[in-house]
Protein chains: 2
Amino acid sequence: MKHPFYRPAALNTTRLVQYLEEINERRWYTNNGPLVRQLTEKLEEYLGVKNLLLVSSGTVALQVAYKALHRKGRIYTTPLSFIASSSAFGWLGSEIHYADIDNQTLNLDPGSVRKYSDITSDDTIVATHLYGNPCDIKAFENLKNETHCKIIYDASHAFATRFQGKNILSLGDASTVSFHATKLFHTIEGGGVVFANADDLARAQKMINFGFNKKNEIEEIGINAKMSELHAAVGLVVLEELDSIIEKRCAIADQYRSILDQTDITTTVIQEGTDICSPSYMPIVLASAKERELLQASMLNDGIETRNYFDSLQSTTELFEGSHKVLPNSQRFNKRVLCLPLYPELTPADITYICDRLRFNLEAIRSEEQVCCTQ
Amino acid sequence: MKHPFYRPAALNTTRLVQYLEEINERRWYTNNGPLVRQLTEKLEEYLGVKNLLLVSSGTVALQVAYKALHRKGRIYTTPLSFIASSSAFGWLGSEIHYADIDNQTLNLDPGSVRKYSDITSDDTIVATHLYGNPCDIKAFENLKNETHCKIIYDASHAFATRFQGKNILSLGDASTVSFHATKLFHTIEGGGVVFANADDLARAQKMINFGFNKKNEIEEIGINAKMSELHAAVGLVVLEELDSIIEKRCAIADQYRSILDQTDITTTVIQEGTDICSPSYMPIVLASAKERELLQASMLNDGIETRNYFDSLQSTTELFEGSHKVLPNSQRFNKRVLCLPLYPELTPADITYICDRLRFNLEAIRSEEQVCCTQ
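Analysis parameters
Residues numbered from 1 in each chain as written. Chains lettered and ligands numbered in written order. Predicted model: local features only at pLDDT ≥ 70, side-chain atom pairs only at ≥ 80, totals over all residues. Heavy atoms only, no water. Least-squares fit on C-alpha atoms with pLDDT ≥ 70 in both. Contact = heavy atoms within 4.5 Å. Core = buried A, V, L, I, M, F, W, Y, C linked by side-chain atoms within 4.5 Å. Buried < 20%, exposed > 50% of the residue type's maximum accessible area, 1.4 Å probe, protein only. Helix = DSSP H or I, 4+ residues; strand = E, 2+ residues; numbered from the N terminus. Arc of directions from axis to C-beta. Pairing = 2+ DSSP bridges. Salt bridge = Lys/Arg side-chain N within 4 Å of Asp/Glu carboxyl O. Polar contact = N/O pair within 3.5 Å; in protein donor to acceptor, adjacent residues only side chain to side chain. Nonpolar A, V, L, I, M, F, W, Y, C, P; charged D, E, K, R; others polar. pLDDT = per-residue confidence, 0-100. Phe/Tyr/Trp six-rings, centres within 6.5 Å; stacked < 30°, edge-to-face > 60°. Lys NZ or Arg CZ within 6 Å of the ring centre and 35° of its normal. Axes fitted to C-alpha atoms, helices over the stretch in contact; angles between N-to-C directions. Left-handed = near helix turned anticlockwise from the far one by under 90°.

Novice: It is not clear to me how the relation of the copies chain A and chain B should be interpreted in this structure. Could you clarify?
Specialist: To go from the first copy of the chain to the second, apply a rotation about an axis and then a shift along the same axis. Mapping chain A onto chain B calls for a screw motion: a turn of 180° about the axis and a shift of 0.0 Å along it, with 0.0 Å RMSD after fitting. Between the two chains, the operation in question is that of a two-fold axis. Closest approach to the rotation axis among the C-alpha atoms of chain A is made by Leu92 of chain A, whose C-alpha sits 2.4 Å away. Taken as a fraction of all interface residues of chain A, those also at the interface in chain B reach 100%, which identifies the copy contact as same-surface.

What follows is the structure, given as structure tokens:
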């Protein structure tokens, strides 16, 4: 593959081995070790947030946020997101209700959530900042104030997103993030939760260690969701290079957008108030599912791997307890988003080449389509 | 501390760094990578088991076993175990019903479980092989045949236990194990499930990767419970030294037992049919909770750290949905078990010293007690 969809940056093994020797010297391998605490502090500083809890995955981050916020009721969420944002709750047996997406940003539409007229203070809105693009924060805040529900933002695509002067992780009752190896910042496997409230953080700290409090008594129903020292070491190593990684990825995303702006290829509309949209993905929105399928195949022929984010709507899996209102926008955009390669090793020439092939292939597909239709 | 309760073996960093370079070369950091597959095969061979699935923790191993076995009903389990064997299910909102323990082995008593007369095929018995000592397998098998329930054994203490010619992990509908850093074999954080049935393994393989099947379709409600390549590398390194670790620990456990046999200090009775009891813990059973408390304090004064396994019965937490029958043995043995230091670096002289202090301190406590009672 000339241009794979993603190529994780190589780890700085020299630095990692130093941490490894430190860990081995201490023989403190997990259980809120010094490297986990160091990474927590450094990330809080880097992001400008408080009340960060590191956990073992982005999926468990959603579960821990939900439980620490004393949630018991229904989940209102988007059908267009990675499956984890539903299945984390499906695993717990929660009722999941889908609302529609906005036709510009493709994010969960607060207006559509509002159509569920029976939202109570027991319920939770789980909204993904899709492709790093912030949700309509103000409208969700209004809805929260009216219904007294809680809001969890899944910021797994949005690590570097800044909105109205703040990192996006500081919003909602809790924001969760995945630190999986394919993410902009990663710990190989891992995740985090940023809580608005220090009490919720304190509860979550017990929950990720079997519910133990500091006196070694069981105070909460908990599990093991601890990040190991080894994974924290990876995070510390990646963090050292993160500014450079983000800078390179921003440059690539900018180049994509400036080339695509001169074509009729559309991408998502960035939410008003966004300072930086995390350069996590480069989505393009195609005219139909068929067009996406044909384009993906022809790009692959050119040695360019793209990804269907997402293969289908979560509301169509029928695995989860719950329901969904009529979701016209979701149906309309289903199977139409394709994500382009985006990682630091891509050169400006690579991006130019990818965009050239994109235009060429899409034009060919559309002409073919036109010929078919007019015949 | 002269003799801490546990000191994890130092990792062979030379070997670990070799694996690290391999991982970095491949840039394949997680998602069922080659090292996870290699560790799976090697562990299956080492243990003589089939259908092993590596996961991210021992707690999630219990959840995955439960879900992959299509469980929905009640859990019948022991109040005397590490909290995870209840809270893994409490996290899922399952109903947990406690039955009593056997007064010899301290394991879950099948006779007491049987007193729940409404066990159905939807229900699950979760039985821990406490301190590595096998449960009464035959009686549980009979109960399973009568009620058509399923049995999950929590073998987290019993990695090296062999029962009637086989590794204990091969028993039950599924056996789970923790590979936490404090365990005999470990991957820092990690766990495993051994399924009796290959179909259940296939379902679980999807479940630990968000429910995706090989065609990238969502087929199950899943989560992220994958072991990373880094944690698998630790497992491979530990496995290389495992025979030596087990040999040393067996020698220590044997020395403890042979010294204690000549005293009136009792330990648990090993289940009939046991070939090897995994040298994971060295429990002693004291006369009362008070005696345990005093002994632990006086041992600490001598620089010897012991552990209360367990601090209290799980049935007393009141956090879980469910109930418990009258549990006289559990009440009787509650807060009476103390575990002694057990790890390869302890020398025969250390064990002699620990046992000497144990006898001396216990004698002092008992004389004091006698004086008090006769006064």
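Novice: Help me out: how do you make sense of the nonpolar core in this one?
Specialist: What tends to happen in soluble globular proteins is that the nonpolar side chains get buried as a cluster. Ile125 and Phe159 of chain A together with Ile125 and Phe159 of chain B are the most contacted members of the largest nonpolar core, which totals 114 residues. Residues in contact with Phe159 of chain A, not counting those within four places in the same chain, are Leu43, Tyr46, Leu47, Asn167, Leu169, Val177, Phe179, Leu184, Phe185, Leu242 and Ser278 of chain A. Judged by nonpolar contacts, the second largest core, of 70 residues, contains Ile83, Ile96 and Phe320 of chain A together with Ala88 of chain B.

Novice: Would you mind showing me how to read helix α6 (residues 137-147) of chain B here?
Specialist: Owing to its 3.6 residues per turn, the α-helix aligns residues three or four sequence positions apart on the same side. Residues and elements named next belong to chain B. All of the buried residues in α6 are Ile137, Ala139, Phe140, Leu143, Lys144 and Thr147. For α6, the arc enclosing every buried residue in end-on projection is 165°, short of the 170-degree limit, so these residues lie on one face. α6 presents Lys138 and Asn145 as exposed residues on the side facing more than 90 degrees away from its buried surface. Packed against the buried residues of α6 are α5 (110-114), β4 (124-128), β5 (150-154) and β6 (162-163).

Novice: Quick question: what am I supposed to make of the sheet that holds strand β7 (residues 166-167) of chain A here?
Specialist: Backbone hydrogen bonds hold the strands of a sheet together, and the pairing may be parallel or antiparallel. Residues and elements named next belong to chain A. An order of β7-β6-β10 is seen for the 3 strands of this open sheet, with the pairing classed as antiparallel. Each of the sheet's edge strands pairs with one partner strand only, and the pair in question is β7 and β10 (274-276). Pairing geometry for strand β6 (residues 162-163) and β10, over 2 bridges, is antiparallel. Counted as the bridge partner of Phe163 is Thr274 from β10.

Novice: Where do I start with the interface of chain A and chain B in this structure?
Specialist: Each partner contributes to the interface: chain A provides 51 residues, whereas chain B provides 51 residues. Summed over the shared surface of chain A and chain B, the number is 3 salt bridges. For Lys226 of chain A, the salt bridge goes to Glu189 of chain B, with nearest N and O atoms at 4.0 Å. For the interface between chain A and chain B, the tally reads 25 residue pairs in polar contact (both at pLDDT 80 or more). When its residues are assigned to classes, the side of chain A that touches chain B shows 26 nonpolar, 16 polar and 9 charged.

Novice: How should the pattern of salt bridges be read in this particular structure?
Specialist: Once the charged atoms of two side chains with opposite charge are near each other, the side chains can pair. Across all of its chains, the model carries 31 salt bridges over all chains by this definition. Close ionic contact of Lys206 of chain A with Glu219 of chain A constitutes a salt bridge, the shortest N to O distance being 2.6 Å. Highlighted residues: Lys206 of chain A in helix α7 (residues 198-207) and Glu219 of chain A in the loop between α7 and α8 (229-240), separated in sequence by 13 residues. Look at Glu219 of chain A and you get partly exposed, because its relative accessible area is 37%. Taken together, the shared-partner salt bridges in this structure form one network comprising Arg7 and Glu345 of chain A together with Arg27 of chain B.

Novice: So what exactly am I meant to see when it comes to the pairing of strand β14 (residues 337-340) of chain A here?
Specialist: Remember that side chains alternate between the two faces of the sheet whenever the strand is regular. All names here are of chain A. Neither face of β14 is left uncovered, since the one carrying Val337 and Cys339 and the one carrying Leu338 and Leu340 both have all their residues buried. Pairing analysis gives 4 bridges linking strand β11 (residues 282-285) to β14, with the strands arranged antiparallel. Of the residues in β14, the one forming a bridge with Ile284 is Leu338. Pairing between strand β12 (residues 307-308) and β14: 2 bridges, direction antiparallel. Bridging across to β14, Arg307 finds its partner in Cys339.

Novice: Got a minute to help me understand the confidence of the model for chain A in this structure?
Specialist: Low pLDDT means the predicted atomic positions in that stretch should not be read closely. Predicted confidence across chain A gives a mean pLDDT of 95, with 99% of residues reaching 70 or more. Listed scores for the predicted complex are pTM 0.97 and ipTM 0.96.

Novice: Before we go on, may I ask you to explain the packing of aromatic side chains in this structure?
Specialist: Geometry of an aromatic ring pair is reported as the spacing of the ring centres plus the angle between the planes. Counting across every chain of the model gives 31 aromatic pairs over all chains. Taken together, a centroid distance of 5.6 Å and an interplanar angle of 80° make the contact between Phe5 of chain B and Tyr309 of chain B edge-to-face. Linking Phe5 of chain B in the segment before α1 (13-26) with Tyr309 of chain B in the loop between α10 (289-301) and β12 (322-324), this pair joins segments that are 304 residues apart in sequence. On the basis of an interplanar angle of 75° and a centroid distance of 6.2 Å, the ring pair of Phe159 of chain B and Phe179 of chain B is categorised as edge-to-face. Taken together, the residues Phe159 of chain B in the loop between β5 and β6 and Phe179 of chain B in the loop between β8 (174-178) and β9 (191-195) connect sequence positions 20 residues apart. Comparing Phe159 of chain B with Phe179 of chain B shows no difference in burial state: the two are buried. Joined through ring pairs, the aromatic side chains of Phe5, Tyr131, Tyr281, Tyr309 and Phe310 of chain A make up one cluster. The side chain of Lys67 of chain A reaches across the aromatic face of Trp91 of chain B, ending 4.7 Å from its centre.

Novice: What is the right way to look at the environment of Val337 of chain B in this model?
Specialist: All names here are of chain B. As for its position among the elements, Val337 is in strand β13 (residues 337-340). Overall, the relative accessible area of 2% leaves Val337 in the buried class. Apart from residues lying up to four places away in sequence, Val337 is in contact with Leu106, Tyr131, Pro283, Ile284, Val285, Arg292, Arg307, Asn308 and Tyr309.

Novice: Got a minute to help me understand the pairing of β8 of chain B in this structure?
Specialist: The buried fraction of β8 of chain B is high, at 5 of 5 residues. Side chains of β8 of chain B alternate between two faces, with Ala174, Thr176 and Ser178 of chain B and Ser175 and Val177 of chain B buried alike.

Novice: Can you walk me through the packing of helix α1 (residues 13-26) of chain A against α8 of chain A in this structure?
Specialist: Helix-helix packing: each pair is described by the crossing angle between the helix axes and the interaxial distance. All names here are of chain A. Viewed as axis vectors pointing N to C, α1 and α8 meet at an angle of 150°, and their least axial separation amounts to 9 Å. Note that α1 runs across α8; the crossing there is right-handed. Facing Arg15, Leu16, Tyr19, Leu20, Ile23 and Arg26 of α1, the residues of α8 in contact are Glu229, Leu230, Ala233, Val234, Leu236, Val237 and Glu240. A breakdown of the residues in the contact of α1 with α8 according to their chemical character gives 9 nonpolar, no polar and 4 charged.

Novice: Can you help me understand the environment of Ser156 of chain A in this one?
Specialist: Residue and element names in this part refer to chain A. Residue position: Ser156 is located in the loop between β5 (150-154) and β6. The class for Ser156 is buried, based on a relative accessible area of 13%. Sequence separation between Ser156 and Gly191 is 35 residues; the distance between their C-alpha atoms is 8.6 Å. Setting aside residues up to four positions removed in sequence, Ser156 forms contacts with Thr176, Val177, Ser178 and Lys183. A polar contact is formed between the side chain of Ser156 and the side chain of Asp154, at a distance of 2.8 Å. Within polar-contact distance, the side chain of Ser156 engages the backbone nitrogen of Ser178 at 3.0 Å.

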